[in-house]
Amino acid sequence: MARFRCRVCGREGEFTYDPTRHECPRCGSPNVQFALGIDEMPEELIDRIVQALSQAEPLDDHPTDED
């Protein structure tokens, strides 16, 4: 199950996630946020996310002891 929050109708809740559908399941607005649990994500997607994070540049160029 995935959680959603619509910025147009204000509704939120849970529904069965469909990766081909990118609109509010209640009003059909494209202005909606989805949150998937890790157990809902395909293994290939998790692997790509982990790989991208391991190759990401640091957010700043300052050593952590200078903050």
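In the block above lies the structure referred to throughout.
Nothing here was measured: the structure is a model prediction, and the numbers come from that model.

**Student:** Can you break down the pattern of salt bridges residue by residue, with the values?
**Tutor:** On inspection of all chains with the given rule, the structure shows four salt bridges. Note that Glu-12 and Arg-3 form a salt bridge whose closest N and O atoms lie 3.7 Å from each other. A residue is classified by how much of its surface remains accessible, and Arg-3, at 39% relative accessible area, is partly exposed. Between Glu-23 and Arg-21 there is a salt bridge, with its nearest N and O atoms 2.9 Å apart. For Glu-23, a relative accessible area of 29% gives the class partly exposed.

**Student:** Help me get a handle on the nonpolar core, residues and values and all.
**Tutor:** Judged by nonpolar contacts, Ala-2, Phe-4, Cys-6, Phe-15, Cys-24 and Val-32 together constitute the single largest core of six residues. Here the element with the most residues in this core is strand β1 (residues 2-6); it accounts for three residues. Sequence-distant contacts of Ala-2, defined by excluding residues within four places in its chain, comprise Gly-13, Glu-14, Phe-15, Tyr-17, Ala-35 and Leu-36.

**Student:** Lay out the side chain of Ser-29 in plain terms, naming residues and giving numbers.
**Tutor:** Here Ser-29 is to be found in the loop between β2 (12-15) and β3 (32-36). The class for Ser-29 is buried, based on a relative accessible area of 9%. Of the polar contacts made by the side chain of Ser-29, one reaches the backbone nitrogen of Asn-31; its length is 3.0 Å. Not counting chain neighbours up to four residues away, the residues in contact with Ser-29 comprise Cys-6, Val-8, Glu-23 and Cys-24.

About the criteria used
Residues numbered from 1 in each chain as written. Predicted model: local features only at pLDDT ≥ 70, side-chain atom pairs only at ≥ 80, totals over all residues. Heavy atoms only, no water. Salt bridge = Lys/Arg side-chain N within 4 Å of Asp/Glu carboxyl O. Buried < 20%, exposed > 50% of the residue type's maximum accessible area, 1.4 Å probe, protein only. Core = buried A, V, L, I, M, F, W, Y, C linked by side-chain atoms within 4.5 Å. Helix = DSSP H or I, 4+ residues; strand = E, 2+ residues; numbered from the N terminus. Contact = heavy atoms within 4.5 Å. Polar contact = N/O pair within 3.5 Å; in protein donor to acceptor, adjacent residues only side chain to side chain.

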